[in-house]
Structures are given as C-alpha cells and as structure tokens.
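Chain and residue survey
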Amino acid sequence: MIIEGFRRTGTTRDRADVVVIGTGAGGGTLAAYLAERGADVVMVEKGGFFRAEDFSQHERDGMADFNGRRGADSTVDGSILYSYAEAVGGTTVHYWGDSIRAPEDRVAEWRQRHGIEWMTPDVLAPHYQAIEAELGIHVAEERLFNENNRLVRDGCEKLGWEGHAVPTARIDCIACGWTQFGCAYNRKTSQLITTIPRVSKRGGRIYSDARAERLIVENGRAVGVEGAFVDRQSHEEVGRFRIDARHVVVAGGALGTADFLLRNLDDATVGRRLYINPSYNVWADFGREIDNATGIPCAYVVHEWRGVRRDPGGGYDGGGYIMLCNQQQPGSTAALLGHAGPEHTERMSRWHQLASVLSVIDEVHPGRVFLGDDGIRRTSYRVQGEDALKAVDYLRNAARIFLAAGAREVWIPDVYGTTVRNDREIDALITLRSVQPNAQICLGTHLLGTAPVGSDPADSFAGPTGEAHRVPGLWVADGAAVPGSVSVDPSLMIMAMARQVAGYVERAG
Ligand SMILES: Cc1cc2nc3c(=O)[nH]c(=O)nc-3n(C[C@H](O)[C@H](O)[C@H](O)COP(=O)(O)OP(=O)(O)OC[C@H]3O[C@@H](n4cnc5c(N)ncnc54)[C@H](O)[C@@H]3O)c2cc1C
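In what follows, the accompanying structure is described. Because the structure is predicted, anything quoted here is derived from the model rather than measured.

Here we come to the pattern of salt bridges. Counted by the stated rule, this structure contains 47 salt bridges. Residue Glu 86 pairs with Lys 46 through a salt bridge whose shortest N-O separation is 3.5 Å. One end of the pair, Glu 86, is in the loop between β4 (80-82) and α3 (104-114); the other, Lys 46, is in the loop between β3 (41-44) and α2 (59-66), with 40 residues separating them in the sequence. Its relative accessible area of 39% is what places Lys 46 among the partly exposed residues. Between Arg 240 and Glu 213 there is a salt bridge, with its nearest N and O atoms 2.9 Å apart. Taken as a pair, Arg 240 in strand β11 (residues 237-250) and Glu 213 in strand β9 (residues 210-218) lie far apart in primary sequence, 27 residues in all. Residue classification places Arg 240 among the partly exposed positions, given a relative accessible area of 25%. Assessed through its relative accessible area of 26%, Glu 213 is described here as partly exposed. Connected through shared salt-bridge partners, Asp 285, Glu 346, Arg 350, Arg 408, Glu 409, Arg 421 and Glu 425 make up one network.

Another point: the sheet that holds strand β13 (residues 300-302). With respect to topology, 7 strands assemble into an open sheet ordered β6-β13-β16-β17-β12-β20-β21, the strand pairing being antiparallel. If you trace the sheet from one side to the other, it starts and ends with β6 (163-165) and β21 (419-420), each paired once. With 5 bridges joining them, strand β16 (residues 321-325) and strand β17 (residues 354-361) adopt antiparallel strand pairing. Among the inter-strand pairings, Leu 324 is bridged to a residue of β17, identified as Leu 358. Against the sheet, helix α10 (residues 386-404) contacts β12 (281-285), β13, β16, β17, β20 (409-411) and β21, and its axis sits at roughly 155 degrees relative to β17.

Looking now at the packing of helix α5 (residues 147-159) against α10. Packed helix pairs are characterised by how far apart their axes lie and by the angle those axes make with each other. Running from amino to carboxyl end, α5 crosses α10 at an angle of 95 degrees, the nearest separation of the two axes being 7 Å. Accordingly, the angle class assigned to the pair α5 and α10 is roughly perpendicular. Counted together, Asn 148, Val 152, Gly 155, Cys 156, Lys 158 and Leu 159 of α5 and Arg 400, Ile 401, Phe 402 and Ala 404 of α10 form the full contact between these two elements. Along the lines of polarity and charge, the residues of the contact of α5 with α10 split into 6 nonpolar, 2 polar and 2 charged.

The subject of this paragraph is the site of the ligand. The immediate surroundings of the ligand are formed by 37 residues, with Glu 45, Thr 91, Asp 98, Gly 479 and Ser 491 found nearest. One of the backbone nitrogen or oxygen atoms of Ala 25 is found 3.3 Å away from an oxygen atom of the ligand. With respect to the ligand, the backbone of Gly 479 contributes an N or O atom lying 2.7 Å from an oxygen atom. Taken by itself the ligand offers 1000 Å² of open surface, and the protein chains cover 95% of this. Secondary structure elements with two or more residues in the shell around the ligand: α1 (25-35), β9, α7 (253-264) and α12 (491-508). Broken down by element, the residue count for the shell around the ligand peaks at 3 residues, all from β9.

What counts and how
- Residues numbered from 1 in each chain as written.
- Predicted model: local features only at pLDDT ≥ 70, side-chain atom pairs only at ≥ 80, totals over all residues.
- Heavy atoms only, no water.
- Salt bridge = Lys/Arg side-chain N within 4 Å of Asp/Glu carboxyl O.
- Helix = DSSP H or I, 4+ residues; strand = E, 2+ residues; numbered from the N terminus.
- Buried < 20%, exposed > 50% of the residue type's maximum accessible area, 1.4 Å probe, protein only.
- Pairing = 2+ DSSP bridges.
- Contact = heavy atoms within 4.5 Å.
- Axes fitted to C-alpha atoms, helices over the stretch in contact; angles between N-to-C directions.
- Parallel < 35°, antiparallel > 145°, perpendicular 65-115°, else oblique.
- Nonpolar A, V, L, I, M, F, W, Y, C, P; charged D, E, K, R; others polar.
- Near = heavy atom within 4 Å.
- Polar contact = N/O pair within 3.5 Å; in protein donor to acceptor, adjacent residues only side chain to side chain.
- Areas by Shrake-Rupley, 256 points an atom, 1.4 Å probe, with all protein chains shown as cover.

Pasting the structure below:
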C-alpha cells in the first residue's frame, strides 16, 4: 500500500520486521525479496509517488518533480553536477535501464581487496538471473536503436573497436524516447512498477514524502527510524512518523545513505569515498538531421577501452572507461553545451543534427561526502591523476568514433569551445589540455561507495553481509554499499548485492 506522507499530519506509528529507507535499485530489490519470503516490510521514501500519467514528457517537469535538489546538486566547487532521483522507485525512475553484469575481474578484485568472500560469479549468477527475469532484461533489439546509436556502432565498426548492444530493462518498449523523465507507458521496468507493487501485494506499507531523520538505537542495536512527512513542493515538515523494526536497512543511494548515517553516527568510514564514474558528454554535428530523440537513450555500448592499457614501463597507455550512447533532450543540451550568447544560440540551432556519447570513467580517486557547518550535506570530488588521463583519452577516442562515422565536427563541452574536425585537431587541440575542474562540464550519475561493505572495520562501514560493523540490526543495501566503481553501469550490481544482503537479513530473523 502506498501512503502519501504529504497528506498526513500528526504522528504516524508503524511496526515491521524490516524498515527500509529508500525505494530505489537497492531498497526496492531487498524489500521485494524479503516481503515475498514472509517478512513484514515498511519502506520510507523522501520523494513523491508518481504514476505513469504523472510523467508529462517535459524535461522541466521531470527535473522539478523528482530530480534530487531539482537538478542543481554539485560538488562544493561546482565542478561536478549530479543527477539522481528522489521518488518512489528512486533513481530507477530516471535511469535508462542499461543492465550490465559486473565484469568478473572487478568482482574478483573486491573479493580480494575488501575480503568479501561471498562475492564470486557462482553466488552472483542466480541473483542476476532472477533480476533479469523479473525486470525483463534483454539485449536491445534493433528497433530500439535510434540513429545516434547506429552512428556510434558504425564508427566503432569502422575503427575495429569492440562494442555491443546493451541489455536493457524494459518490456515491450514503444521507443518514445522519454525514458529519463519517467516512463509514461509503464514499459521501462523501474522499481516503481516492479518491486514496489510486489512489496504492496504482500502487505508492505510504502510511505512516500517521508524523510528518515533519526536512527533509533537501543542497547547498542538499531530498532527503528523516525522522521518527517514533508510537503512535496517545499519539503517542509507537515507531520512525523516513527517505525519500529527488528532490522533497519539504509538504501538512500550513495548521497542519501551517507547523509542519513553522518547525521546519526560518528563513524569515520561513512562518506570517506564517493565514486561517481565521471561522465563527459561529447557532441558531433553530422550536418544533416539525426534522430537522437526517439528510441532508447543507450542501445549500444563501446567496450573497447574498458581496461587500462599500460606501456612496457607500467605507465598509463589508454583506456579505463566505457562509452554509452547519449540522449540529450533540448533543455539538457542547452544546459550542458558550455557556451553562451550568440554562439550558444547558433549551436542550439543545430540541435537536430547532433549525435552524442558520454563516458563512464572507471576512477581510482574517489571524492568525499560530508556535512557542512550548517548541517547541509556537501561533496568534494576531483578528477585527478590517472583518472584525468583517462578522461582525455576518452575525449579523443569519442571524437575518433564520430569522425569515422562521418561527423562534420565534434564538440567537447569545455570553456575553450573545443571543436575537432580531423585527426590532426584531435592531437593538436585535445592533448594540449588535461581535464581541469570547471574547465569541462562533468556529470556524476553512478554514485557509489559511501558506506561500503568489507571485512576490515577500519576501512568499511558494514561487514560483507551488509550489517554495520558497529551497530547490529543496521544494514546497507544500495549504491553506498558497493565498495568501488563497477566499471560499467552499476544498477544490476547494486540489485544483486541487495538480494544477497536480503538473504542475510532473512537469516538474521
Ligand atoms: C539519468 C540517469 C540515468 C541512469 N541510467 C542508468 C542505467 O541505464 N543503468 C544503470 O545501471 N544505472 C543508471 N543510472 C544509475 C542508477 O539509476 C543508480 O546507480 C541506482 O538507481 C542507484 O540505486 P540506489 O539504490 O543506490 O539509490 P536510488 O535508486 O537513488 O534510491 C535511493 C532512494 O532513497 C531515497 N532517500 C534518500 N535519503 C532518504 C531519507 N533520508 N529518507 C527517505 N528516503 C531517502 C531517495 O529519495 C531515493 O529515492 C542512471 C542514473 C541517472 C541519474
């Protein structure tokens, strides 16, 4: 049952076996797993509850209704812009549905480095299979490719680079192109239409507009959560709630989970690492109309450069990222082009001629989440060291793909207005400049690692089971729990981990 908190004044009290904070990829998956195994589950979600008919297919409405901090969240220096959703269904209401299994080399690395013994392909496989079946994940069929996707594939094929059609979470998609602003046809299988209804069906209560604020700890054990019902527009408190439970699962996303834990616990492992997979858009003008608005945003992924390549001396020699086909509606393009005045107008007049990709940089230097003196959650992040080299390498290779596919010119969104028309300009223009904070427009949409699992209590917030090292009965099961960059889109990994953690919660009774 969905209970819209903004309609409730006074104090609501509820009791459950498990209370879950957050209804996104991690929270939804864990809650449905437990509810279907007989647990009484309550979920609290600070964002609103939206149905298909609420998704207007206008960027401005999606950003205002459910984008976290109305799309204006950034690092303290403004050098990274974040995008995430606050709504029943979490960021999966926004997400594109790319559902790629974590590469086995990354899983093996985490097992060794973080002592997560269960993290083996054999343990993960049944989780992946269950999630893929539940969400209808399948390799994107040709009819979902728009011209942008076809051009990127074409460029890769001409260069002999590895890429493939993306496994995507949608059933009978009509390819309208509005995935990112909420699916108006209930075809993208976000948590909103998959796990959340399953929790409801088993008697679970999902409180929307319900911001968890205080962790209730008794005799050293987590026993519940308190918080505020908030007005959907102003976020001002209209009522209070208290949920008592045997287990408290935090799944507020890497920023939301860190925010909640920093307010409630004095634990130095929280927020110490923030992974974002730095994402730089690159545009290419093909001098003719390109359909980059319908289909699905990303039907094709470039895998050629996922691994880092090293020269004989061990120095960086390319790679360390994947590229996703990118879909930019006019509003987002206007915001992210990095130009102003007549030049901006001129570039936007060519919007219908643009193709685009973005990077998922597999970073090794994470950022940080902390509370400011005013109590507001803040982040710092710097693309630096080898990660900056990866970014430059990506910009060059993205330009190469588009030039191979026949682009007239390629635009790097930076303060220099960098435009590339041929191989000579790739070398002459881009290699001269490294990426620098606030010089290139950079986004973070894959937010991970702020309350990681691991065997070492000095290095991780929770043990490999997801239960906090220092507070029994408190668990993490979202992107915050993932110990580092997945090196591909993370949602399938987050869901697989949430299912594994759900099994441990179930066994804990
Ligand atoms: C535009 C976009 C496209 C994306 N596309 C893809 C893709 O194609 N494939 C992919 O793998 N990944 C994609 N991602 C990333 C993916 O959606 C996220 O990694 C994933 O949803 C994170 O899951 P989560 O459970 O950590 O958090 P979320 O899904 O963000 O859920 C957290 C929820 O917790 C709530 N919350 C936070 N704090 C509180 C609190 N104190 N009280 C109550 N509720 C709280 C939040 O409001 C939110 O709804 C995309 C992201 C964006 C922004």
